[in-house]
Amino acid sequence: MTLVQVKNVTKQYANGEETITPLNEVNLEVHQGDFLSLMGASGSGKSTLLNMIAGIDEVTSGEILVEGTDITKLSRGKLADWRASHVGYIFQTHNLIPVLTAYENVEMPLLLLKMSAAERRKRVEIALEAVNLTDRATHYPRQMSGGQEQRVGIARAIVASPTLVVADEPTGNLDDETTEQILELLQRVNNELGMTLLMVTHDIEASEIAKRQIRLERGKLTERQSESTNREITAA
Amino acid sequence: MFQFLPYLLKGFWGHRARAMLTVSGTAVALFVFCFVSAVQDGLLRLTQDKQAQRTLVVFQENRFCPTSSRLPQDYTKHIAELPSVTGVIPIKVVTNNCRASLDAIVFQGMPAEKLRSSRELNLTAGSWSAFEGADDGALVGQAVANRRNLSVGKKFTINEVTVLVTGVFQSPTTAEENLIYTHLDFLQRARGQNSVGTVTQMEVHLSDDADVDHVAATIDAHYRGGPVATTTRTKGMFQADTLADLAELIGFIHYLGYACVGLVLALVATTTVMSVQDRIKEHGVLQTIGLRPNRIFRLIVSESTLLSTAGGLLGIGAGLVFLSFTGLAVAAEGVTISFRPSMDLAITGAIVSVVVGVLAGIIPGIQAARTKIVTALRQAG
């Protein structure tokens, strides 16, 4: 089942007098349960595409349909509501709220949804358990390692059971051992919880854990089919 | 919105030095605001009191300080016979300082029975019988008693007048609590033999249908050719005229109140702007999670309102406690303005704190809500 349809999306922005076009008439389909990695050189527009699919950046033209809703047509307020219930975002730099504990950070997205305190507590506990951080629930970000912070970030992204989890270079700031743990965790999120994952990375090894690997070059997407052939995605 | 209260409070705790400084700055400004408002309230109460508009004060013409006004006491009889006059009280006023002073002592001597019938005094210590039975007895206002540490049974001397405290009173007219009431003849004798038979002023009570201006004009016209000419005004006008210089000063001081409000606005707005600039990325994260821009705006306005209100309540509380316990009053020419705490003052101060807090958060709130998420997420920190 198609979850996300990116249709003829173009992104342009001005840099002085020059107009930059990182994405030009891009098309992409993401299916329910996919784990998709998006690779490309720095500045190729992969994070921009991810942000547009997550509803935090605007398209210059084109459509992005998520479960049939064209999110490019939503107002800022409605888009925020949509993000609250449909998107979990994992940042490269974790971006936890420093004055809140791990538990409170994970609870934050649930405060925006209608549910009882008991249901909220249950969900936060499950999410923290899923990332193996139950014993760190009362710790503040400053009291945790980078890897632990990223696990809290993942728990925060999955706690509301979103339709889509997006991760922007989730291992970019981590050492090799922690990177491996985080990638394993992301795989579990996809396999065991059945969540659809879209990950931007520049790390080839990281991209290989995904079910589908997409490359963005000169504003166009190509999907790796096998060792030898790549297919340019031209139609949604 | 309340579910985000722990986030707000933890944010204050996370930046407690900044929050504490803002709260204490706001508290100091609201303390001064409270004090200035109390001074203005005191003046307004004195000059705009309803009873003060229906009571006349007869004073010697072209005299200002009570020590210089000497009216023959027998004027009382004639004034009492005028139409619409329901009562006349001869009053001798003695003060230790005719100029503006924060610790002026004002004695008012009047016949005991007139004192009892014309003033709503609530004795908190001592008794009327003790006062009536002692020639040198004095009923001391609560504010003076607090200020000078006076209690029943104590004798004290001011300006060669020695009295025995036979009672301490409270009054609904707060300025009264800065007075010391004695017997009229005692105060006349205490000021020397040539004071006997003279009084400083006369208080004329009128019927409800009286034409106040007409009665005043009649009294002054009658004595214009007499041994001592008079000036008769309503009690409110008399007090306003007597305190004219002070009133001008107090009128100017109210700008200090506005300055305090401006100071709080600037202080809380600066703190909020700094707080927003420090957390641009955090607000980007919150919006990514799903907070609407208007919710970000409300969070920031709530933050500034909480800071301002906390400081405001602290300052107002301190101001009210200070005013309650010090019994401060300013007096000039025998008329006193008392600075008293009141519920109105507390409510006004609280409203000012909340409104200023809301105003201080509007611009930083709009700024944070309008910042694009991707731009916010690119910020360092």
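Residues numbered from 1 in each chain as written. Chains lettered and ligands numbered in written order. Predicted model: local features only at pLDDT ≥ 70, side-chain atom pairs only at ≥ 80, totals over all residues.

Chemist: Please set out the overall build of chain A residue by residue, giving values where relevant.
Modeler: When helices and strands are tallied, chain A shows 7 helices and 11 strands. What you see for chain A is a C-alpha radius of gyration of 18 Å, in line with the 18 Å of a compact globule of 236 residues. By its C-alpha atoms, chain A is 45 × 40 × 40 Å across when sized along the principal axes. When the 236 residues of chain A are sorted by exposure, 46% land in the buried category. Once local pairs closer than 6 in sequence are excluded, the contacts in chain A between residues at least 24 apart make up 69%. (Helix = DSSP H or I, 4+ residues; strand = E, 2+ residues; numbered from the N terminus. Rg over C-alpha atoms; globule rule 2.2 N^0.38 Å. Buried ≥ 20, exposed ≤ 12 C-beta atoms within 10 Å, placed from the backbone. Contact = placed C-beta atoms within 7 Å.)

Chemist: I'd like a description of the interface of chain A and chain B, backed by residues and values.
Modeler: Taken residue by residue, the interface counts 19 residues in chain A and 20 residues in chain B. If you tally residues by element for the side of chain A that touches chain B, the top one is helix α2 (residues 76-86) of chain A, at 6 residues. Residue classes in the side of chain A that touches chain B are distributed as 12 nonpolar, 3 polar and 4 charged. (Nonpolar A, V, L, I, M, F, W, Y, C, P; charged D, E, K, R; others polar.)

Chemist: Could you give an account of the domain arrangement of chain B, naming the residues involved and the relevant values?
Modeler: All names here are of chain B. When cut into domains, chain B gives domain 1 (2-45 + 252-378) and domain 2 (62-228). Relative placement of domain 1 and domain 2: their C-alpha centres are 45 Å apart. Elements supplying a minimum of two residues to the side of domain 1 that touches domain 2: β13 (329-332) and β14 (335-338). No other element matches β13, which puts 4 residues into the side of domain 1 that touches domain 2. In terms of residue class, the side of domain 1 that touches domain 2 is built from 6 nonpolar, 4 polar and 3 charged. (Domains from an automatic or database assignment.)

Chemist: Requested: an account of helix α9 (residues 212-223) of chain B, with residues and values cited.
Modeler: All names here are of chain B. Between its first and last C-alpha atoms α9 spans 17 Å; for 12 residues at 1.5 Å apiece the expected length is 16 Å, and the two agree. Three or more residues of α9 are buried, namely V215, A216, I219 and Y223. The buried residues of α9 all sit within an arc of 100° when viewed along its axis, so they share a single face. Exposed side chains of α9 directed beyond 90 degrees from the buried face belong to D213, H214, A217 and A221. (Expected span 1.5 Å × (residues − 1). Arc of directions from axis to C-beta.)

Chemist: Lay out the sheet that holds strand β1 (residues 2-15) of chain A in plain terms, naming residues and giving numbers.
Modeler: Residue and element names in this part refer to chain A. The strand order across the open sheet formed by 4 strands is β2-β1-β4-β5, and the pairing between neighbours is antiparallel. In the strand order of this sheet, the two ends are held by β2 (18-31) and β5 (69-70), each with one partner. Bridge count between β1 and strand β4 (residues 61-66): 5 bridges; the pairing is antiparallel. Within β4, the position partnered with T10 by the bridge is S61. The strands touched by helix α1 (residues 46-53) are β1, β2 and β4; relative to β1, the strand with the most contacts, the crossing angle is about 125°. (Pairing = 2+ DSSP bridges. Axes fitted to C-alpha atoms, helices over the stretch in contact; angles between N-to-C directions.)

Chemist: Give a detailed account of the pairing of β13 of chain B, specifying residues and quantitative values.
Modeler: Residue and element names in this part refer to chain B. Here β13 shows two buried faces, one formed by A329 and A331 and the other by V330 and A332. Strand direction decides the pairing type here: β13 and β14, joined by 4 bridges, are antiparallel. Residue pairing across strands places V330 opposite I337, the latter belonging to β14. In this structure, the hairpin formed by β13 and β14 is closed by a connection of 2 residues, where E333 is found at a positive phi of approximately 50°.

Chemist: Break down helix α12 (residues 280-289) of chain B for me, citing the residues and quoting the values.
Modeler: All names here are of chain B. α12 sits mainly inside the fold: 8 of its 10 residues count as buried. Among all positions in α12, only E282, H283, G284, V285, L286, Q287, T288 and I289 are buried. Residue G290 follows α12 closely and has a positive phi angle near 135°.

Chemist: I'd like a rundown of the nonpolar core, residues and numbers included.
Modeler: In terms of nonpolar packing, the biggest core is built from 87 residues, with L30, C34, V58, V140, I180 and M202 of chain B touching the most fellow members. Broken down by element, this core gets its largest block of residues, 14 residues, from helix α2 (residues 16-48) of chain B. Here this core gathers at least three residues from each of two domains, domain 1 (2-45 + 252-378) and domain 2 (62-228) of chain B. Once residues lying within four places of it in the same chain are set aside, the contact partners of C34 of chain B are G315, I316, G319, L320, L345 and G349 of chain B. Counting 84 residues, the second-largest nonpolar core is a separate cluster that includes M52, L112 and V165 of chain A together with A369 of chain B. (Core = buried A, V, L, I, M, F, W, Y, C linked by C-beta atoms within 7 Å.)

Chemist: So what's going on with the packing of α2 of chain B against helix α11 (residues 244-278) of chain B? Which residues, and what values?
Modeler: Two quantities define a packed helix pair, namely the angle between the helix axes and the distance between the axes. Residues and elements named next belong to chain B. For the pair α2 and α11, interaxial distance at closest approach is 9 Å and the crossing angle is 160°. Between α2 and α11, the angle is such that the two are roughly antiparallel. Once α2 is placed against α11, the crossing between them reads as left-handed. (Parallel < 35°, antiparallel > 145°, perpendicular 65-115°, else oblique. Left-handed = near helix turned anticlockwise from the far one by under 90°.)

Chemist: Just give me the short version of unusual backbone geometry, but keep the residues and values in it.
Modeler: Its identity as a non-glycine residue notwithstanding, S161 of chain A has a phi of 50°, on the positive side. If you trace the backbone, S161 of chain A turns up in the loop between α5 (146-158) and β7 (164-168). A count of 16 C-beta atoms within 10 Å places S161 of chain A in the partly exposed class. Its identity is not glycine, yet S84 of chain B carries a phi of approximately 75°, on the positive side.

Chemist: Pulling in residues and values, what's your account of the environment of E67 of chain A?
Modeler: All names here are of chain A. Tracing the chain through its elements places E67 in the loop between β4 and β5. Here E67 falls in the partly exposed class, since 15 other C-beta atoms lie within 10 Å of it. Between the C-alpha atom of E67 and that of Q32, which follows or precedes it by 35 residues, the distance is 9.6 Å. With near-sequence residues (within four places) excluded, E67 lies in contact with L3 and T163.

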